[in-house]
Amino acid sequence: MMIKNKIYNSFGPAESFAGKLVFIFGVMTSFFSAYSSFLVMGGAFFGFTYLCTTIDAENHRIRSGDALFGFIKTGNWISLNPNMTIGIIKSDKVWKSYSWSNRINKTEEKNYLIALFNANGKKLFPIKSLSSLKQAKEELDQFCTILNLRPFQS
């Protein structure tokens, strides 16, 4: 059973939205100019690239990396061992974008991440992003049974 989780957009919400607009504009102008392929490729890269985690429960391994253009997966597979743990951490991510008129657009994301920890308690990478603590606790219990790992105790 393969489980795929999207964590967040790699370039933030503002840049992702702008990339999607550039992609759409490039597709619309591709009938008039061959140079619009640069807009299509650049817009697709910035608009659709995101951080994701793939879990292979049958082979007991996990991979975290970017999905370039939304479909080219990167990252190395890590075999899970019984010494690893999973736990919940609070994530306060702030995305800032600056304009030429010296205005700052701040977008805050307050999420709970289910993360994988090694045997020493060091965080390796996030497995899933959830908006509430209640949902995160329910998903943590499910991942503990699926991956046969114990919850992280700090």
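Quick look at the overall build of the protein chain
Helix and strand counts for the protein chain come out as three helices and nine strands. Taken from the N to the C terminus, the helices and strands of the protein chain come in the order β-α-α-β-β-β-β-β-β-β-α-β. A principal-axis box enclosing the C-alpha atoms of the protein chain has dimensions of 55 × 35 × 25 Å. The buried share among the 154 residues of the protein chain stands at 36%. Contacts in the protein chain between residues at least 24 apart in sequence constitute 50% of all its contacts with a sequence separation of at least 6. Carbon and sulfur atoms provide 57% of the accessible area of the protein chain, an area that totals close to 9700 Å². Taking the average place of the 18 positive charges on the side chains of the protein chain and the average place of its 10 negative ones, the gap between the two points comes to 4 Å.

Some points on the pairing of strand 7 (residues 104-117)
The sheet contact formed by strand 6 (residues 85-98) and strand 7 spans 14 bridges and is antiparallel. Its bridge partner lying in strand 7, lysine 93 is registered against glutamate 109. Linking strand 6 to strand 7, which pair antiparallel, is a turn of five residues; within it asparagine 102 sits at a positive phi near 60°. Of the strand pairs in this sheet, strand 7 and strand 8 (residues 123-130) are connected by six bridges, and their pairing is antiparallel. Across the sheet, leucine 113 pairs through a bridge with serine 129, a residue of strand 8. Where strand 7 folds back on strand 8, the antiparallel hairpin that results is connected by five residues, among which glycine 121 adopts a positive phi of roughly 90°.

Reading guide: rules and limits
Residues numbered from 1 in each chain as written. Predicted model: local features only at pLDDT ≥ 70, side-chain atom pairs only at ≥ 80, totals over all residues. Heavy atoms only, no water. Helix = DSSP H or I, 4+ residues; strand = E, 2+ residues; numbered from the N terminus. Buried < 20%, exposed > 50% of the residue type's maximum accessible area, 1.4 Å probe, protein only. Contact = heavy atoms within 4.5 Å. Areas by Shrake-Rupley, 256 points an atom, 1.4 Å probe, with all protein chains shown as cover. Lys, Arg positive; Asp, Glu negative; His and termini not counted. Charge placed at Lys NZ, Arg CZ, Asp CG, Glu CD. Pairing = 2+ DSSP bridges.

Don't take any of this as a statement about function, it's just geometry.
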